[in-house]
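Residues per chain are reported as follows:
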Amino acid sequence: MQQRLADPPAAAGPVRSRVALRVNGRTHVLDLDHRVTLLDALRELLDLTGSKKGCDHGQCGACTVLVDGRRANSCLLLAVTLDESEIITVEGLAAPDGTLSPLQQAFLDHDAFQCGYCTPGQLCSAVAVLREAAAGHPSHVTDEATAADTARPAVLSAEEIRERLSGNLCRCGAYNGIADAVAACAAVEAPDRTPSPPPPHTPDVIA
């Protein structure tokens, strides 16, 4: 007599956790499925649609944001891993009254975009590039002598800028304008300084 196989156990529901995301100086308490990416949380739950979904594989850079001061592809990060992290999106680069940051203004002045789809990611990545260079971080094209002296800011030549921004694609081909905008800001002291975040307030809770 053939033995009957046991029925497979019923599938468990998705695992969820309550997470506090601090985005652009504002804390949002979210009840999140563990599979939700930061990009989807920003766009679908917080209505911050500046960060764009391009390849969804971390290859185009359209979703770049700043996480604890460092640039990251938000499509590759699970939101539940970022509890209490400081996240800045393109919406957080301008002042509360809407005044553009020097870098945003430079993008306008140097015609650094066409369709604009990749621009939010380009801006966030460029902010990080300026900070990284100011901190003396070398890149792949930095010569050995300069790379060894991390106490001094890295000089952002055209080659350095293009290398450091190579993870952000522009399908319109506005690379010359982007490089010119970053170079213009690199010549100004503290070009990437963003406004102070708003004062703390009662967190938003989204079930």
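Please read these numbers as outputs of a predicted model, since none were measured by experiment.

Asks: Any details on the pattern of salt bridges? Residues and values, ideally.
Replies: Taken as a whole and assessed by the stated rule, the structure comprises seven salt bridges. When the shortest N-O distance is used, the salt bridge between glutamate 86 and arginine 22 registers 2.9 Å. One end of the pair, glutamate 86, is in strand β5 (residues 86-88); the other, arginine 22, is in strand β1 (residues 16-23), and 64 residues separate them in sequence. Arginine 22 gets classed as buried once you look at its relative accessible area, which sits at 18%. Ionic pairing is found between lysine 53 and aspartate 40, a salt bridge with its closest N-O pair at 2.8 Å. Of the two residues, lysine 53 is situated in the loop between α1 (38-45) and β3 (64-67) and aspartate 40 in helix α1; the sequence distance between them amounts to 13 residues. Of the residues examined, lysine 53 reaches a relative accessible area of 31% and is grouped as partly exposed. Classification of aspartate 40 by relative accessible area gives partly exposed; the value is 25%. A network of salt bridges, in which partner residues are shared, links Asp40, Lys53 and Asp56.

Asks: Give me the lowdown on the pairing of strand β2 (residues 26-33), citing residues and values where you can.
Replies: β2 sits mainly inside the fold: six of its eight residues count as buried. Bridge analysis of β1 against β2 gives eight bridges, and the strand direction is antiparallel. Note that in β2 the partner of arginine 16 across the bridge is aspartate 33. Counted between consecutive antiparallel strands, the loop separating β1 from β2 contains two residues, among which asparagine 24 sits at a positive phi close to 55°.

Asks: Residues and numbers for helix α2 (residues 102-109), please.
Replies: Among the residues of α2, Leu103, Gln104, Ala106 and Phe107 are the ones counted as buried. What you see down the axis of α2 is that its buried residues fit within an arc of 160°, all on one side. Buried residues along α2 sit in contact with α3 (119-134) and α6 (175-186). Remark: aspartate 111 follows α2 within two positions and exhibits a positive phi of approximately 50°.

Asks: Account for the nonpolar core, naming residues and giving values.
Replies: Core analysis: the biggest nonpolar cluster contains 27 residues, and Leu103, Phe107 and Leu165 have the highest contact counts within it. Contributing elements (two or more residues each) for this core: α2, α3 and α6. Ranked by residue count, the leading element in this core is α3, at eight residues. Counting 17 residues, the second-largest nonpolar core is a separate cluster that includes Leu30, Leu46, Val80 and Ile87.

Asks: Account for the environment of leucine 82, naming residues and giving values.
Replies: With respect to the helices and strands, leucine 82 occurs in the loop between β4 (70-73) and β5. Given the relative accessible area of 8%, leucine 82 is considered buried. For leucine 82, the contacting residues outside a window of four places in its chain are Ala20, Leu21, Leu38, Val67, Leu77 and Ile87.

Asks: I'd like a rundown of the confidence of the model for the protein chain, residues and numbers included.
Replies: Predicted confidence across the protein chain gives a mean pLDDT of 89, with 85% of residues reaching 70 or more. Per-residue pLDDT stays below 50 along residues 189-199; that stretch engages in 19 contacts with residues further than four places along the chain or on separate chains.

Asks: Account for unusual backbone geometry, with residues named and values stated.
Replies: Within the chain, aspartate 68 stands out as a residue other than glycine whose phi angle is a positive 50°. Despite not being glycine, aspartate 111 has its phi angle at roughly 50°, a positive value. The topology assignment puts aspartate 111 in the loop between α2 and α3.

Calculation notes
- Residues numbered from 1 in each chain as written.
- Predicted model: local features only at pLDDT ≥ 70, side-chain atom pairs only at ≥ 80, totals over all residues.
- Heavy atoms only, no water.
- Salt bridge = Lys/Arg side-chain N within 4 Å of Asp/Glu carboxyl O.
- Helix = DSSP H or I, 4+ residues; strand = E, 2+ residues; numbered from the N terminus.
- Buried < 20%, exposed > 50% of the residue type's maximum accessible area, 1.4 Å probe, protein only.
- Pairing = 2+ DSSP bridges.
- Arc of directions from axis to C-beta.
- Contact = heavy atoms within 4.5 Å.
- Core = buried A, V, L, I, M, F, W, Y, C linked by side-chain atoms within 4.5 Å.
- pLDDT = per-residue confidence, 0-100.

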